[in-house]
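Remarks on the overall topology
Below, each chain spelled out in residue letters.
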Amino acid sequence: MEDDYWMRRALEMARKGVGLTSPNPPVGALLVKDGREIAAGFHRGPGHPHAEIEAFHAARKAHCSEVAGSTLYVTLEPCSTRGRTGACTEAIKRERVGRVVYGCPDPNPAHAGAAETLLREAGISVSSGVLQGECEQLIRAFRKVQTCGLPWVIAKTAMSLDGRITRPSGEDQWLSGWSSRIEVQRVRAEVDAILTSGQTVRADNPRLTLRGEVAPVGKEQPWRVVLTSSDQGVPEESHLRTDAQRKRTLIFQGRHIEGILRELVAERGVNTVLVEAGGRLLGRLFDEGWVDELIVYLAPMLTGGESTAVAGEGVAALSLRLGLSEIEMLRIDDDVRIRGLVQGSGFPLQR
């Protein structure tokens with residue numbers, strides 16, 4: 001269908017904003033007339049124009065006079081209230097767009113369902129639900145925040161084929177290969193915070209920074225969040241306390257996980273958290289149901305030993321095990337990356 005074709009193009013635009021827009025969602029928009037794309041835009045970050053406005057600006061910059069009567073494709077229902085920027089529904093009416101096609105409804109209660117009524121009252125044709133699943137997948141973190149005030153949590157681990165992270169003392173901390181570590185930087189570019197444990201900081205002294213050519217222009221370094229219950233805490237000489245990004249380090253001692261996650265949303269504008277930690281913390285997060293998505297890098301080796309990639313109490317019966325859906329598998333040199341949504345987690349994305 002023609003609407004599907006153009007919505008896929010709007011999704012391409014929206015993906016340019018992934019990792020840049022929190023606490024807002026990534027959104028893409030496209031103006032089409034007589035079967036031709038005349039302008040496109042995406043939301044670039046908080047305080048910047050929304051995707052629809054970016055598309056109108058692009059049309060004006062190109063001296064395009066065809067906006068009136070065109071069809072606007074947008075991945076998310078246009079907003080209908082004024083925030084840091086004006087309401088998109090008002091801009092759409094001013095530009096005399098003939099038809100609006102959007103992918104998924106806005107989970108923000110202040111906007112949900114309002115756009116269609118306002119636009120139809122202005123004589124603008126509206127179609128919704130085009131590629132809704134793909135559009136909802138793109139804003140899954142924003143949707144979770146709007147629904148329950150918690151961020152989308154991605155657990156990441158690299159392990160041997162026997163599920164271990166064991167390595168001899170003093171040896172290189174990496175099990176996965178160089179190309180996998182570059183790919184991890186791409187994952188970090190998607191998130192607003194990286195969460196780890198005090199034990200991991202004391203053992204590995206990680207930097208937890210976004211670096212290299214994969215870092216999007218304008219992307220802030222993710223918050224570095226350390227959970228610790230030990231009196232040893234986080235050493236004063238650690239990278240997280242001494243490097244150029246030390247002001248982006250948050251240390252929580254003896255706090256419940258839920259309170260920390262909610263604080264990250266409410267006070268830091270975090271939508272997505274990446275967990276990079278050892279088996280104890282990962283196991284606890286899985287046991288308590290905080291993890292929404294899992295990324296595993298499988299290294300072609302057997303290590304044995306007691307250091308498991310995921311520890312915790314585990315499940316009491318096989319019927320209670322956690323599974324993955326929407327699984328993606330990627331070969332990265334000799335490693336294999338497995339990525340999927342956690343079934344049975346605290347937030348059901350799709351049913």
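On a predicted model such as this, the values are computed, not experimentally measured, just so you know.

Some thoughts on the overall build of the protein chain
Counting its secondary structure elements, the protein chain contains eleven helices and 13 strands. A globule of 351 residues ought to have a C-alpha radius of gyration of about 20 Å, and the protein chain, at 22 Å, matches this closely. Structurally, the protein chain occupies a C-alpha span of about 70 × 40 × 35 Å along its principal axes. Buried residues in the protein chain amount to 50% of all 351 residues. For the protein chain, restricting intrachain contacts to residue pairs at least 6 apart in sequence, the fraction spanning at least 24 positions comes to 76%. Here the protein chain displays about 16,900 Å² of accessible surface, and carbon together with sulfur accounts for 48% of that area.

A word on the packing of aromatic side chains
Scanning the model with the defined rule gives one aromatic pair in all. Measuring from ring centre to ring centre gives 4.9 Å for Tyr5 and Trp6, while their planes differ by 80°; the resulting arrangement is edge-to-face. Of the residues examined, Trp6 reaches a relative accessible area of 8% and is grouped as buried. Here the guanidinium or amino end of Arg248 rests over the ring plane of Trp223, the centre of that ring lying 3.9 Å away. The ring centre of Trp223 lies 4.7 Å from the NZ or CZ of Arg268, which sits over that ring.

Points about the state of the cysteines
With the rule as written, the count across this model stands at zero disulfides. Between Cys79, a cysteine without a disulfide, and Cys88, which holds the nearest cysteine sulfur, the sulfur-to-sulfur distance is 3.7 Å. Note on Cys79: relative accessible area 7%, which makes it buried. Cys148 takes part in no disulfide bond, and the closest cysteine sulfur to it belongs to Cys104, at a distance of 17 Å. By relative accessible area, which is 28% here, Cys148 ends up partly exposed.

Thresholds, definitions, all that
Residues numbered from 1 in each chain as written. Predicted model: local features only at pLDDT ≥ 70, side-chain atom pairs only at ≥ 80, totals over all residues. Heavy atoms only, no water. Helix = DSSP H or I, 4+ residues; strand = E, 2+ residues; numbered from the N terminus. Rg over C-alpha atoms; globule rule 2.2 N^0.38 Å. Buried < 20%, exposed > 50% of the residue type's maximum accessible area, 1.4 Å probe, protein only. Contact = heavy atoms within 4.5 Å. Areas by Shrake-Rupley, 256 points an atom, 1.4 Å probe, with all protein chains shown as cover. Phe/Tyr/Trp six-rings, centres within 6.5 Å; stacked < 30°, edge-to-face > 60°. Lys NZ or Arg CZ within 6 Å of the ring centre and 35° of its normal. Disulfide = S-S within 2.5 Å.

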